[in-house]
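Close look at the chain arrangement
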Amino acid sequence: VLLLLINLLFALYLEDAAVVFLMEHHQQTASASVTEEAAFLSAREHLSKYWKGMGSAVLSLIYSISGGADWGTLAHPFWSVGTAYGISYVVFIILTIFGLLNILIGIFVQEAEELSKWDKDFVVDVADFVEQRREKEKLILELFDTLADNMGTISIERLSEQLCDESIASRFAQLDV
């Protein structure tokens, strides 16, 4: 939103400068020298091609900052309009590319870092869960090994008898089995 607002403001400013320049110099072409007239005609051609109306001005500025067109070519007529307008075009480019776009990139990088940290925390949580599960399996195996007979088997009757023992029942409860 901020980028669009800045784009609109600069487009309005530069479009107004172009219109004023064309109106003032249109009447002066008769008394101008050949080089001045050539410079005016070149500026007029560029202005009418890239800066003809507010929509065209906004689009030209978007092209300038997005790489859709060479901003030097689009800025060329404003050096003829006036040095201040050429400088303001350069200020627009610097402000948008180096200022606003770097801020946006910084926000995206910060969000990516936060997601990466979340991913690391998730992996650590999963690793802890897996470790706890392995430990629980080990304790269950040890418990069933103590309940098994010499042959390594447990009958239903033997399990029922040993579950009546409070120490065995509490070990099962502790393991959530």
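A separate point is the overall build of the protein chain. The secondary structure content of the protein chain amounts to 7 helices and 0 strands. In sequence order, the protein chain lays out its α and β elements as α-α-α-α-α-α-α. By principal-axis analysis of the C-alpha atoms, the protein chain measures approximately 120 × 25 × 20 Å. Every one of the 177 residues in the protein chain was classed for burial, and the buried ones make up 23%. For the protein chain, the accessible surface area stands at approximately 12,300 Å², while carbon and sulfur atoms represent 63% of it. Between the mean site of the 11 positive side-chain charges and the mean site of the 25 negative ones, the protein chain shows a separation of 4 Å.

One recurring pattern in soluble globular proteins is that nonpolar side chains are buried together. Formed by 23 residues in total, the largest nonpolar core has its most connected members in Leu47, Trp51, Leu61, Phe78, Tyr89 and Phe92. Going through the elements one at a time, helix H1 (2-28), helix H2 (34-50), helix H3 (54-66), helix H4 (71-81) and helix H5 (83-147) are the ones with two or more residues in this core. Broken down by element, the residue count for this core peaks at 7 residues, all from H1. Residues in contact with Phe92, not counting those within four places in the same chain, are Ile6, Asn7, Phe10, Leu61 and Ile65. Listed in part, the 5 residues of the second largest apolar core include Leu143, Leu147, Ile168 and Leu175.

Secondary-structure assignment places Glu15 in helix H1. In this structure, Glu15 is buried with no salt-bridge partner, the nearest side chain bearing the opposite charge being Lys52 at 9.8 Å. Setting aside residues no more than four positions away along its own chain, Glu15 makes contact with Trp51, Lys52, Gly53, Met54 and Ala57.

Turning to a nonpolar patch on the surface, a few remarks are in order. On the surface, a nonpolar cluster with roughly 610 Å² of combined accessible area is contributed by Trp118, Phe122, Val123, Val126, Phe129 and Val130. If you trace the backbone, Val130 turns up in helix H5.

To describe a pair of aromatic rings, you give the distance between the ring centres and the angle between the ring planes. Scanning all chains against the criterion turns up 9 aromatic pairs. Through pairs of rings, three or more aromatic residues link up here, namely Phe10, Trp51, Trp71, Phe78, Tyr89 and Phe92.

Their axes nearest at 6 Å, the elements H4 and H5 cross at an angle of 150 degrees. When the axes of H4 and H5 are compared, the pair comes out roughly antiparallel. Facing H4, whose interface residues are Trp71, Leu74, Ala75, Phe78, Trp79 and Val81, H5 presents Thr83, Tyr85, Gly86, Ile87, Tyr89, Val90 and Ile93.

Glancing now at the pattern of salt bridges. Once their charged atoms are close, side chains differing in charge can pair, the charge on each being opposite to the other. Considering all chains together, one arrives at 1 salt bridge under this definition. Across the pair Arg133 and Glu137 runs a salt bridge whose closest N-O atoms are separated by 3.4 Å. Taken together, the residues Arg133 and Glu137, both in helix H5 and 4 residues apart, mark about one turn of the helix.

This part covers a negative patch on the surface. A cluster of acidic side chains, namely Asp119, Asp121, Asp125, Asp128, Glu131, Glu135, Glu142 and Asp145, defines a negative patch on the protein surface. Tracing the sequence through the fold places Glu142 in helix H5.

The rules we used
- Residues numbered from 1 in each chain as written.
- Predicted model: local features only at pLDDT ≥ 70, side-chain atom pairs only at ≥ 80, totals over all residues.
- Heavy atoms only, no water.
- Helix = DSSP H or I, 4+ residues; strand = E, 2+ residues; numbered from the N terminus.
- Buried < 20%, exposed > 50% of the residue type's maximum accessible area, 1.4 Å probe, protein only.
- Areas by Shrake-Rupley, 256 points an atom, 1.4 Å probe, with all protein chains shown as cover.
- Lys, Arg positive; Asp, Glu negative; His and termini not counted.
- Charge placed at Lys NZ, Arg CZ, Asp CG, Glu CD.
- Core = buried A, V, L, I, M, F, W, Y, C linked by side-chain atoms within 4.5 Å.
- Contact = heavy atoms within 4.5 Å.
- Salt bridge = Lys/Arg side-chain N within 4 Å of Asp/Glu carboxyl O.
- Patch = residues over 30% accessible without salt bridge, like charges linked within 9 Å, V, L, I, M, F, W, Y side chains within 5 Å.
- Phe/Tyr/Trp six-rings, centres within 6.5 Å; stacked < 30°, edge-to-face > 60°.
- Axes fitted to C-alpha atoms, helices over the stretch in contact; angles between N-to-C directions.
- Parallel < 35°, antiparallel > 145°, perpendicular 65-115°, else oblique.

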